[in-house]
Amino acid sequence: MPQNPSANLKGQKKINLILVGFGRVGRAFYGLLREKRALIKSRYNLNPTLLSILNSTGGIASDKSIHPEKPSDICSSDLTQHSLWQKGLRLEHVLKTTPAGVLVECTPSDLQTGEPGLGHLHLALDNGWQVVTADKGALVVDFHGLREKAVRKGLGLGASAAAGAALPTLDVGRVSLAGAEITSLAGVLNGTTNYILTQMALGTSYEKALEEAQAKGIAEPDPSLDVGGWDTAAKLIIIANAVMGLNLSLKDVDVEPITDVSSRTCVSVQNGGKSLKLVGKVHKIKNIFQAQVKVEAIDKCHPLYGVDGAEKGIVYFTDTMGAVAIRGGKSDPRAAAAALLKDIINIYHRY
Ligand SMILES: NC(=O)c1ccc[n+]([C@@H]2O[C@H](COP(=O)([O-])OP(=O)(O)OC[C@H]3O[C@@H](n4cnc5c(N)ncnc54)[C@H](OP(=O)(O)O)[C@@H]3O)[C@@H](O)[C@H]2O)c1
């Protein structure tokens, strides 16, 4: 990502922000921004300033911060009730009338078309804005197009929130393993399915485990993308394309759901000393990279064995650094918001 020449240790660097999508992640980002404001200023010398929030029907915008100092605010209420609400306010207008900063994209993921996020991200880059996104769809459909545009224009493209969120899959793969060849990778990349399979290994039925996951806010009201394996496939594609330079799309991934697994099977695998996990994997078969999402019995000595509950994990197998595994991180909107914030900080701050 590019260095920011105007950041210095004396004056705080003001970063204009536009937030698109004000659902669970967007609202969590809004709250986190206020919560972390003092730390971001003191530790990183940055002053992220929210100037606009947009949803599907309009938005609010101002040339001053729209972040109230007190937590009695729009976070839990309807954006249309805000005094600055403008029905039909469009992103294009806000991008063109606001000095460039960072577009924070939090609209729903459409894994087939990438829209509406893909259009938003291209529009922002075209107008000289850095971008950070939680939207998997846009990155699955056109990661390389977005990255090429960002690189050509010297802009940042932060994708952490869409690639495991709190689990730093991209940071480790791209920064910590720089110069190593990643020969394969495997990941437990979906907290919902991992929670369900962990509970099933304790004897809970699939239906009950899903119900519990929904009650805890781990699973979405419509869990089909998670339990069908598609969320794992989307993250796998983003990680493989970003870290390994592959050009995978959804049609290249062999995807298996967890819905065919019984709790009896989970318990029996567990009793045999292994653990059933939904694993996304990219590995070479006859010298060609293949991608798959499958329910696998993981052996005790495998780095992903202990990744339980709503946790996620990934292991990179490399030519020079051996197997490098990371695990942990929360799976919820606040963790996704924290990953967006991390990407913004890392666009501007150099250690
Ligand atoms: N939830 C998580 O824990 C999590 C974790 C990692 C990544 N993500 C990703 O983060 C993104 C947001 O997730 P979420 O859970 O916050 O979704 P959500 O609660 O459904 O919120 C989506 C927001 O996007 C807005 N929106 C829809 N179409 C739009 C458009 N054309 N222009 C502007 N705004 C539009 C919606 O506005 P209206 O209310 O007007 O429809 C809503 O405010 C998704 O891509 C998801 O895959 C989520």
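Residues numbered from 1 in each chain as written. Predicted model: local features only at pLDDT ≥ 70, side-chain atom pairs only at ≥ 80, totals over all residues. Heavy atoms only, no water.

### Comments concerning the site of the ligand
Test applied: One heavy atom within 4 Å of a molecule or strand is enough for the residue carrying it to be called near that molecule or strand. Polar contacts here mean pairs of N or O atoms no more than 3.5 Å apart (in protein, one a potential hydrogen donor and the other a potential acceptor; neighbouring residues in sequence count only if both atoms are side-chain atoms). Each accessible area is a Shrake-Rupley result for a 1.4 Å probe, and residues are judged covered by the shown protein chains and nothing else. Comment: elements are numbered from the N terminus, with helices defined as DSSP H or I runs of at least four residues and strands as E runs of at least two. Just so you know the grouping, Ala, Val, Leu, Ile, Met, Phe, Trp, Tyr, Cys and Pro go in nonpolar, Asp, Glu, Lys and Arg go in charged, and all remaining residues, Gly too, go in polar.
Around the ligand, the surrounding shell holds 21 residues, and the nearest of these are Phe 22, Val 25, Ser 56, Thr 107 and Ser 109. One of the backbone N or O atoms of Thr 107 is found 2.7 Å from an oxygen atom in the ligand. Here an oxygen atom of the ligand sits 3.4 Å away from a polar atom, N or O, in the side chain of Lys 136. A total of 900 Å² of accessible area belongs to the ligand in isolation, and the protein chains cover 74% of it. Among the elements of the structure, helix H1 (24–35) and helix H12 (333–348) are those that each provide at least two residues to the shell around the ligand. The class makeup of the residues in the shell around the ligand is 10 nonpolar, 7 polar and 4 charged.

### Comments concerning the pairing of strand E11 (residues 288–298)
Both faces of the sheet carry side chains from a regular strand, because those side chains alternate between them. In plain terms, the rule: Any two strands between which DSSP finds at least two bridges are classified as paired.
Inspection of the sheet shows strand E9 (residues 253–255) paired to E11 by 3 bridges, in the parallel sense. In the sheet register, Val 255 faces E11, and the bridge partner there is Val 293. Relative to E11, strand E10 (residues 275–285) runs antiparallel, the two sharing 11 bridges. Within the sheet, the bridge partner assigned to Lys 277 lies in E11 and is Glu 296.

### A short note on the pairing of strand E3 (residues 58–61)
For strand E2 (residues 46–54) and E3, the ladder comprises 3 bridges, and the chain directions are antiparallel. What sits directly across from Leu 54, in E3, is Gly 59. Where E2 hands over to E3, the hairpin turn is made up of 3 residues, counted between the paired strands. Sheet analysis places E3 next to strand E4 (residues 86–87), joined by 2 bridges and oriented antiparallel. Counted as the bridge partner of Gly 58 is Lys 87 from E4.

### Considering the sheet that holds E10
Here is the rule we go by: Note on method: axes are straight lines fitted to C-alpha atoms, helices fitted across the in-contact stretch only, with angles between N-to-C directions ranging 0 to 180 degrees. Residue contacts follow a heavy-atom distance rule, with two residues in contact if any of their heavy atoms lie within 4.5 Å.
Here 6 strands make up an open sheet; going across it, the order is E9-E11-E10-E8-E12-E13 and the pairing mixed. What marks the edges here is a single partner per strand, and that holds for E9 and strand E13 (323–328). Strand-to-strand twist in this sheet, taken as the mean axis angle between neighbours without regard to direction, amounts to 15°. Pairing geometry for strand E12 (residues 312–318) and E13, over 6 bridges, is antiparallel. Bridge pairing links Tyr 316 to Val 324 in E13. Packing of helix H6 (residues 169–176) onto the sheet brings it into contact with strand E8 (182–188), E12 and E13, and relative to E12 it is tilted by some 20°. Contacts between helix H11 (residues 263–271) and the sheet are confined to E10 and E11, with E10 contributing the most and set at about 80° to the helix.

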